[in-house]
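Structural description and commentary
Single-letter residue listing:
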Amino acid sequence: MTQSRSLSKWKARHAVLVWIGILLNFAFVLPLIFCPEWILGLFGITVNQLIWPRFAGLLLGILSIFYIPATLDIDRYRVFAWLAVFPSRTLGSVFFFLAVFVFGQPIGYLAGVFLDGSIGIATLFCLLRILKLEQNISEGRQA
Amino acid sequence: MRRVFWKWLFALLILLVVGAFALFFLLFRPVAQPKTNDLADVFNHGSIGNEEAQGIPYWIWRVLPQLFPDHLPANADGYRAFGLYWRAGDEVPVGLSVKTLGVIERVAPNCAFCHQGSYRLRADEPARLVDAGPGTRVNPQAYIRFLIDVGADPRFTADRVLTEIGRIYDMPLWERALYRFVLIPATRAALQDQGRRFAWMKDRPDWGPGRIDPFNPVKFQNLHLADDHTIGNSDMMPLWSLADVTATNTRRFSLHWDGLQTDLYETVVSGAIGDGMTYKSYAGTEEGLRRITDFVRLQGPPPSPFSPLRPEGDPYHVDAAAVDAGRTIYAAQCAVCHDAKGARYRTPISIVEVGTDRHRLDMWSPAARDRYAVYEPGYAWGFANFQKTDGYVATGLKGLWLRGPYLHNGSVPTLRALLLPAAERPTQFYRGYDLVDAENGGFVSAPDTPGQRYGALYDTSLPGNGNGGHVWGTDLPAEAKEQLLSYLKTL
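Note that the structure is a prediction, hence the values are computed from the model and not measured.

The rules behind the values
- Residues numbered from 1 in each chain as written.
- Chains lettered and ligands numbered in written order.
- Predicted model: local features only at pLDDT ≥ 70, side-chain atom pairs only at ≥ 80, totals over all residues.
- Heavy atoms only, no water.
- Phe/Tyr/Trp six-rings, centres within 6.5 Å; stacked < 30°, edge-to-face > 60°.
- Helix = DSSP H or I, 4+ residues; strand = E, 2+ residues; numbered from the N terminus.
- Buried < 20%, exposed > 50% of the residue type's maximum accessible area, 1.4 Å probe, protein only.
- Lys NZ or Arg CZ within 6 Å of the ring centre and 35° of its normal.
- Contact = heavy atoms within 4.5 Å.
- Buried area = accessible area lost by both parts, 1.4 Å probe.
- Salt bridge = Lys/Arg side-chain N within 4 Å of Asp/Glu carboxyl O.

Under the definition given, this model contains 48 aromatic pairs over all chains. When the centroid spacing of 5.7 Å and the interplanar angle of 70 degrees are considered together, the rings of W10(A) and F125(A) count as edge-to-face. Pair noted here: W10(A) is in helix α1 (residues 3-34) and F125(A) is in helix α6 (residues 110-138), with a separation of 115 residues, a long-range link. A relative accessible area of 14% means that W10(A) is categorised as buried. Between Y372(B) and Y375(B) the ring centres are 5.4 Å apart and the planes differ by 80 degrees, which places this aromatic pair in the edge-to-face class. On the basis of relative accessible area, Y372(B) is assigned to the buried category, the value being 0%. One aromatic cluster in this structure is built from Y58(B), W59(B), W61(B), Y79(B), F82(B), W86(B), F113(B), Y143(B), F146(B) and Y169(B). Between R13(A) and the ring centre of W10(A), over which it is positioned, the NZ or CZ distance is 4.5 Å. Stacked on the ring of F68(B), the Lys or Arg R160(B) has its end atom at 5.6 Å from the ring centre.

This is the structure we're talking about:
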């Protein structure tokens, strides 16, 4: 396989993973906006004021939309791809980890660690592979 | 950014996800208790969501009395030393729940720790459990002190604990490692922290069996109020027939000795918070708390053994004519406060009028009411029924034969003594024995009786232990007192 074909495959894999992340995000966005008590209840989380989970759901949806450009043209919108990993997925994961294990929030918030963390890990791995292949190509090395 | 940054980030993310996964599955994943239709079992052993804050890993809890018998109260062995009722075949005594978090079973107290009664009609028979009864024998302060002493003991080491566990349980290697490196050090640290949190107990009179200072721990630990040196020592009430306290369109009924709450479910939830439940575990505990609430609404006391139907000469025989006459006196003088249909039932009677020891009343302060009403920062429980009153609540008298000693602080040993003027009531007696005193009503508690052997000395001269007040019935003629006593024994 040539370096350029391999590069295209890693870019495609990255796009697929980002879209999986977007869809998983939206699995929370719509219930958070329209039935927050139900979705949070599934994770053993009780809420007092519904406006805040609704607002968080809306922001999560808006945030997810900003992941899309890099899936359409990762060369043009490369910075979006990096921002999606850091700060977005990384801080999401760290935030929920600390919330549960340091600040005593319900264990259900670990869903945030698993979702943001695993998507962050997978997409970052793709980006590092893409970076490596691009350097190889620019330096004239073959696979 | 340099590639090394992203590589470090990659490692961090893996660490976070794997670490969270491991902690979740090993230590924090709540596993629901087995379902049961037996509400008494839910009350006696159901979780109140405090395992993460108060739960001791089962195998550590199990061997502590064997490892530290010198820290147990005298005259008993094992956890029975704290007066807990342990039914044959049960994993733990009544009043303790076992719930698995992650892969570790944890033992934590629940409502029944304090609200469990027992009695015997004859000295040679075994004690009988009374669900949701007054904690006649239970000594929660001794249990707290035992755990604090264990935590401070340098002999509480992984080697000793694991050796003792190994005598009764062949623990697999992975579990031994978890106990050695995580659970035993964490338990020791938690018990030492408990010692610091309960340091305020040192400069106050002991609670003794059947009593607790219920809200000072909440004031200092949950509400973060300064130590005001108040003493809240009071009897642990039975939780019977609380459907009677359901609010109507025109009346609200008060709970706790000083009526600081008027809603039963809020009382249950705030009680669970006081025992270590947090909003973190509330969602998984709410159903259980509602079932506990249902239980205490419906559960009544066992029928009184005192009856005119018993043969004459039986210690529990009461004369039918005396009971009828006593009922008439009760209706005229007591029912307005103590009967569920009475106008003053479950309302606080002013301290000036009732005249009993006021320490318990002063313990619950306006500041505590205000702070609990908005509890807690970061999560609003929505408590709307806390109040500050100026007296003690007139409670119902169902199961009065099991409620001794009497008054809110348990300062009067028997019903007969309660009908004496305060100056003539016993100033010293023994609490904690559950043999019914057939002659005087209450439990056997006088000096030089088995009550002294099995109980703990109660001294009315200590702060919070005053036996004055509640003079109703004390001026009755002797015959009328006997009649009233006969009737009260049958309730």
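Still to come is the rest of the account.
A word on the interface of chain A and chain B. Tallying the contact residues gives 30 residues for chain A and 24 residues for chain B. Summed over both sides, the interface of chain A with chain B buries roughly 2500 Å², with 77% coming from carbon and sulfur. On the chain A side of the interface with chain B, the three residues burying the most area are T46(A), I107(A) and I121(A), jointly 22% of the side's total. Here chain A and chain B share 0 salt bridges between them. Secondary-structure elements contributing two or more residues to the side of chain A that touches chain B are α5 (78-101) and α6 of chain A.

What the rule picks out here adds up to 32 salt bridges over all chains. The salt bridge partner of K11(A) is D75(A), with a shortest N-O separation of 2.8 Å. Residue K11(A) is located in helix α1, and its partner D75(A) is located in the loop between α4 (68-72) and α5; the two are separated by 64 residues in the primary sequence. Between R327(B) and D324(B) there is a salt bridge; the shortest N-O distance is 2.8 Å. Of this pair, R327(B) and D324(B) both sit in helix α11 (residues 320-333), separated by 3 residues, roughly a single helical turn. Looking at D324(B), the relative accessible area reads 42%, which means it is partly exposed. The structure contains a network of salt bridges with shared partners spanning K11(A), D75(A), R78(A) and E134(A).

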